[in-house]
Amino acid sequence: MTCHQSYAAVAEKTKNLKNGEPNPHASHHYGEGIACTACHSEHKTSQVYCNNCHEFKYQIK
């Protein structure tokens, strides 16, 4: 969060995904209660945490 200010700020920056899928930073299930590291990983491949239950095409880069 040091780099991105707040969870709400990240959600605002990613609200209009080009592929029309839900904003992964505005979770209906977790709100601001999920850690960034659930999806983003510094030293290994990141994963889309939402895809544990859903089948979104969204990929983390």
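Residues numbered from 1 in each chain as written. Predicted model: local features only at pLDDT ≥ 70, side-chain atom pairs only at ≥ 80, totals over all residues. Heavy atoms only, no water.

**Section: the overall build of the chain**
Inference 1: Looking only at helices and strands, the chain has one helix and zero strands in total.
Inference 2: For the chain, the proportion of its 61 residues judged to be buried stands at 21%.
Inference 3: Here the analysis covers contacts within the chain between residues at least 6 apart in sequence; of these, 29% occur between residues at least 24 apart.
Inference 4: Working note: accessible area of the chain is about 5,200 Å², and carbon and sulfur atoms make up 52% of it. (Helix = DSSP H or I, 4+ residues; strand = E, 2+ residues; numbered from the N terminus. Buried < 20%, exposed > 50% of the residue type's maximum accessible area, 1.4 Å probe, protein only. Contact = heavy atoms within 4.5 Å. Areas by Shrake-Rupley, 256 points an atom, 1.4 Å probe, with all protein chains shown as cover.)

**As for the pattern of salt bridges**
Inference 1: Enumeration over the complete set of coordinates arrives at one salt bridge.
Inference 2: With a shortest N-O distance of 2.8 Å, Lys-15 and Glu-12 are connected by a salt bridge.
Inference 3: Exposure remark for Lys-15: the relative accessible area of 46% places this residue in the partly exposed category. (Salt bridge = Lys/Arg side-chain N within 4 Å of Asp/Glu carboxyl O.)

**Some details on the side chain of Asn-23**
Inference 1: Turning to its location among the elements, Asn-23 is positioned in the segment after helix H1 (7–13).
Inference 2: According to the relative accessible area criterion, Asn-23 is buried, its value standing at 13%.
Inference 3: Within the structure, the side chain of Asn-23 is placed 2.8 Å from the backbone oxygen of Ala-11, a separation counted as a polar contact. (Polar contact = N/O pair within 3.5 Å; in protein donor to acceptor, adjacent residues only side chain to side chain.)

**Quick look at the side chain of His-25**
Inference 1: Counting through the fold element by element, His-25 comes out in the segment after H1.
Inference 2: The buried category is assigned to His-25, whose relative accessible area is 15%.

**Points about unusual backbone geometry**
Inference 1: Even without being a glycine, Gln-5 presents a positive backbone phi close to 70°.
Inference 2: On the secondary structure map, Gln-5 appears in the segment before H1.

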